[in-house]
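Structural features, examined
Residues per chain, in single letters:
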Amino acid sequence: MAENLLAQNLFSLKGKTALVTGGGTGIGKMIAKAFIKNGAKVYIASRKQKNLEEAATELNNLGGPGECIPIVADITINEECEKIVNKISKQENGKLDILINNSGIAWGNPVTKIPENTWDKIFRLNVMSVYFMTMACLPLLEKASNAPEDPSRVIIIGSISGIYEGDLNGLNKVSETSMVYNTSKAAVHSLAKNLAVYLTPSGVNVNVIAPGVVIPTQMSLHILDEKLATEDVPQGRLGDESDIAGTALYLASRAGAWVSGSIIKIDGGTLLLGKELGKKYAIATKSKL
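Residues numbered from 1 in each chain as written. Predicted model: local features only at pLDDT ≥ 70, side-chain atom pairs only at ≥ 80, totals over all residues. Heavy atoms only, no water.

The protein chain goes by Rhamnolipids biosynthesis 3-oxoacyl-reductase in an unreviewed UniProt entry, where it is assigned to Glomus cerebriforme. The Sequence similarities (unreviewed entry) comment attached to the protein chain in UniProt states, word for word, "Belongs to the short-chain dehydrogenases/reductases (SDR) family." (UniProt positions renumbered as here; feature names shortened; annotations may be inferred.)

Moving on: the sheet that holds strand β6 (residues 204–211). One open sheet accounts for 7 strands, arranged β3-β2-β1-β4-β5-β6-β7; its pairing is parallel. Edge strands, defined here as strands with exactly one partner in the open sheet, are β3 (67–72) and β7 (263–266). Taken over all neighbouring pairs, the strand axes of this sheet differ in orientation by 20° on average, direction set aside. Note: strand β4 (residues 98–101) against strand β5 (residues 152–157), 4 bridges, orientation parallel. Following the sheet pairing, Leu99 is matched in β5 by Val154. Helix-sheet contacts for helix α4 (residues 78–91) involve β1 (17–21), β2 (41–46) and β3, and the interaxial angle to β3 is about 145°. (Pairing = 2+ DSSP bridges. Helix = DSSP H or I, 4+ residues; strand = E, 2+ residues; numbered from the N terminus. Axes fitted to C-alpha atoms, helices over the stretch in contact; angles between N-to-C directions. Contact = heavy atoms within 4.5 Å.)

A few words now on unusual backbone geometry. Cis rather than trans, the peptide bond between Gly64 and Pro65 has omega equal to 10°. A cis amide bond links Ala147 with the next residue in sequence, Pro148, at an omega value of 5°. Relative to the helices and strands, Pro148 is located in the loop between α5 (116–144) and β5. Of note, the phi angle at Asn93 is positive, near 55°, even though the residue is not glycine. Mapped onto the fold, Asn93 is located in the loop between α4 and β4.

What follows concerns the packing of helix α2 (residues 26–37) against helix α3 (residues 49–60). Between α2 and α3, the least distance of the axes is 10 Å, while the angle of their chain directions is 30°. As judged from the angle between their axes, α2 and α3 are roughly parallel. Relative to α3, α2 is oriented so that their crossing is right-handed. Along the contact surface, α2 presents Lys29, Ala32, Lys33 and Ile36, while α3 presents Ala55, Glu58 and Leu59. Grouping the constituent residues of the contact of α2 with α3 by class yields 4 nonpolar, no polar and 3 charged. (Parallel < 35°, antiparallel > 145°, perpendicular 65-115°, else oblique. Left-handed = near helix turned anticlockwise from the far one by under 90°. Nonpolar A, V, L, I, M, F, W, Y, C, P; charged D, E, K, R; others polar.)

Another point: the nonpolar core. Counting 36 residues, the largest nonpolar core has Leu19, Ile84, Met133 and Ile156 as the members making the most contacts within it. Taken together, the elements giving at least two residues each to this core come down to β2, α4, α5, β5, α6 (179–199) and β6. Element by element, the count of residues in this core is highest for α5, at 10 residues. Once residues lying within four places of it in the same chain are set aside, the contact partners of Ile84 are Leu19, Ala45, Ile71, Ala73, Ile75 and Met133. (Core = buried A, V, L, I, M, F, W, Y, C linked by side-chain atoms within 4.5 Å. Buried < 20%, exposed > 50% of the residue type's maximum accessible area, 1.4 Å probe, protein only.)

This part takes up the state of the cysteines. Using the criterion set out here, one finds 0 disulfides in the structure. Unpaired in this structure, Cys81 has its nearest cysteine sulfur neighbour in Cys137, at a distance of 7.9 Å. (Disulfide = S-S within 2.5 Å.)

Our next topic: α5. The terminal C-alpha atoms of α5, which comprises 29 residues, lie 40 Å apart, in line with the 42 Å expected from a rise of 1.5 Å per residue. If you look at α5, its biggest bend is around 50°, right at Leu138, and the proline Pro139 turns up within four residues after that. (Expected span 1.5 Å × (residues − 1). Bend = angle between axes of the 7 residues up to and from the residue.)

Before going further, it helps to examine the packing of aromatic side chains. According to the stated counting rule, one finds 2 aromatic pairs in the structure shown. Ring centres of Trp119 and Phe123 lie 6.1 Å apart, and the angle between their planes is 35°; this geometry places the pair in the tilted category. Taken together, the residues Trp119 and Phe123, both in helix α5 and 4 residues apart, mark about one turn of the helix. The exposure class of Phe123 is partly exposed, given its relative accessible area of 22%. Between the aromatic rings of Tyr131 and Phe132, the centroid separation amounts to 5.0 Å while the plane-to-plane angle is 75°, which identifies the pairing as edge-to-face. With a relative accessible area of 30%, Phe132 lands in the partly exposed category. (Phe/Tyr/Trp six-rings, centres within 6.5 Å; stacked < 30°, edge-to-face > 60°.)

The following block contains the structure:
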């Protein structure tokens with residue numbers, strides 16, 4: 001009795017199919033890895049074929065029980081989103097259980113010199129593509145849903161930079177503002193909540209994972225000041241793939257079936273430091289914004 005409460009059942013993704021955008025590197029790859037190790041078939045999509053092929057080979061060498069299938073596509077183009085969905089639909093009988101909207105880009109500029117095309121580029125990938133990718137996948141998600149016990153899931157990768165009322169760039173080795181990135185993440189958090197309002201009644205849960213800026217990835221590693229960051233994370237360490245994987249598994253599995261419209265922070269307590277955080281980092285990096 002009570003077999004449903006065993007961890008291997010609560011957090012299992014056996015028999016599930018997932019799509020992870022930007023799954024060839026960074027946080028997307030961490031999530032794809034966790035899903036495969038817990039039984040899911042995972043499609044990873046990105047415009048960079050080399051990254052995808054290398055990631056797929058690595059993930060398929062994990063020994064399963066799931067598998068990885070790469071799809072080369074540029075999700076900033078609506079037709080490319082449809083291309084991804086059509087391929088998955090043909091392979092999976094029109095069903096998709098989990099969509100991870102992970103693809104994103106960061107950018108730094110002096111606060112008085114942010115060009116128009118920077119706003120366009122970041123918002124197109126970080127916000128607009130999330131909407132269009134979700135809408136393209138919606139028929140597949142609705143068909144796969146077993147709501148209310150086991151709805152389909154949309155998980156969006158946001159950031160604590162979209163929550164903090166200031167600029168966390170002081171954690172890094174740069175003195176340029178990440179204002180555009182921060183604003184885009186605040187926008188995608190709002191988008192997620194709005195999507196949750198409309199999609200939850202249709203059997204599709206929508207949630208956000210908001211990682212801290214001190215999780216080493218290909219995007220952050222070259223600018224991350226590990227010593228400065230570690231000293232000011234209350235838990236005293238950087239984040240890693242286990243931190244990301246645990247939260248993603250929770251939201252994607254039976255364990256998180258009754259959660260929708262939530263933003264879950266994974267930051268080691270960084271935001272607990274409040275406004276003093278930004279002041280300290282601005283001084284530490286001699287920021288001249």
